[in-house]
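# Remarks on the overall topology
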Amino acid sequence: MDTAIDYFSILPNYEYRKAKLFLKAGVNLEIVDGGFMVNPVAEGSYEVIGDYLIPYAGIFGGSSPNTLKEVSDVNPFIAYYAPATSEVLEGYGGVKGSYGNNISYNARLSYGKQTNVPFYHMVGENPSLFTTYYYYEAMVLRFRMEVGYKQSERLNLLVSGETSSWDLDYDDEPIGIPKSKLSFSANYNIQNKIIFTGDLFLQSGAFAFNETDSVTTQMKGRIDVNLGATYNYKKNIGFWVSLNNITASKQREWYNYPTYGLVAMGGVLLKF
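Residues numbered from 1 in each chain as written. Predicted model: local features only at pLDDT ≥ 70, side-chain atom pairs only at ≥ 80, totals over all residues. Heavy atoms only, no water.

Now for the overall build of the protein. The number of helices and strands found in the protein is one helix and 17 strands. If one aligns the C-alpha atoms of the protein with their principal axes, the spans along those axes are about 60 × 55 × 40 Å. Out of the 272 residues in the protein, the part that is buried amounts to 31%. Counting contacts in the protein only where the partners sit at least 6 residues apart, residues at least 24 apart contribute 51% of the total. Accessible area for the protein stands at about 16,300 Å²; split by element, carbon and sulfur atoms hold 59% of it. Looking at charge distribution, the protein has the averaged site of its 22 positive side-chain charges lying 15 Å from that of its 27 negative ones. (Helix = DSSP H or I, 4+ residues; strand = E, 2+ residues; numbered from the N terminus. Buried < 20%, exposed > 50% of the residue type's maximum accessible area, 1.4 Å probe, protein only. Contact = heavy atoms within 4.5 Å. Areas by Shrake-Rupley, 256 points an atom, 1.4 Å probe, with all protein chains shown as cover. Lys, Arg positive; Asp, Glu negative; His and termini not counted. Charge placed at Lys NZ, Arg CZ, Asp CG, Glu CD.)

Structure (structure tokens):
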């Protein structure tokens, strides 16, 4: 089938800056498959305590084409795909700031309406295949927090988390979408000679819906830990090693797709 989606957007806006105040107001002008839409775009912020404490609030409206690439990036096991454009109108507010050149943070709370939300229903079980199912309308309350730490080029740390509450009809659940996620990443660089990396991913168990027998199943939450190291022996040669899925999670984030347990890999880097 034809999966092409025609999409064009421009966002003319006016920005005003004075001392500690920042204001922006404009519109999102979109052409989606021949249709024309106008949505509001606005944001304001004020430096209460310099760069340390900056409250902000805004509104954003727009469309998401849900292209095949975007959908398959979320779920690589999509076998049946149909295009549909989502429309989003969201209000948000939060606080952000930074402390010197080392610490930065951003906490944001948003509430909005989204139409044609892509959910992922499975078909069969040996193995499961997935089809896109677009839920007609959802109200979503979402909170996101991010804290970063940077010490020159030597040490970088980043913690981010997100949790959401979905208001759907008939007590429905957001199929294939975890309601909570948490990630932590670390990078330690010793004079560009030895580089250590680490990642931690946690997510709550998403719901899976089997269209064959109309059964909804909630999966278990997942924890994934990865560690790696690179040793640049000389300018044009190096060595690396990585340990993936240290927690030996048996299940991927998609129903009926097991994953490898602990995986150890290593190799040689040749640079020309």
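Further notes follow.
A separate point is the environment of Lys 181. Relative to the assigned elements, Lys 181 resides in strand β11 (residues 180–190). Between the alpha carbons of Lys 181 and Gly 100 there is a distance of 28 Å; along the sequence they are 81 residues apart. If sequence neighbours within four positions are ignored, Lys 181 has contacts with Ser 160, Gly 161, Glu 162, Leu 202 and Gln 203.

The subject of this paragraph is the side chain of Asn 66. Locating Asn 66 in the fold gives a position in the loop between β5 (54–64) and α1 (68–74). For Asn 66, a relative accessible area of 7% translates into the label buried. Excluding its chain neighbours within four sequence positions, the residues that come into contact with Asn 66 are Ile 5, Val 71, Tyr 81, Ala 84, Thr 85, Ser 86, Asn 116, Pro 118 and Tyr 134.

A separate point is the packing of aromatic side chains. Summed over the entire model, instances satisfying the criterion amount to twelve aromatic pairs. Geometrically, the ring pair formed by Phe 130 and Trp 254 is edge-to-face, given 5.5 Å between the ring centres and 65° between the ring planes. With Phe 130 in strand β9 (residues 129–151) and Trp 254 in the loop between β16 (237–244) and β17 (263–270), this pair connects stretches of sequence that are 124 residues apart. One aromatic cluster in this structure is built from Phe 77, Tyr 120, Phe 130, Trp 254 and Tyr 257. The side chain of Lys 96 reaches across the aromatic face of Tyr 56, ending 5.4 Å from its centre. Lying across the ring of Tyr 92, Arg 108 places its NZ or CZ 4.1 Å from the centre. (Phe/Tyr/Trp six-rings, centres within 6.5 Å; stacked < 30°, edge-to-face > 60°. Lys NZ or Arg CZ within 6 Å of the ring centre and 35° of its normal.)

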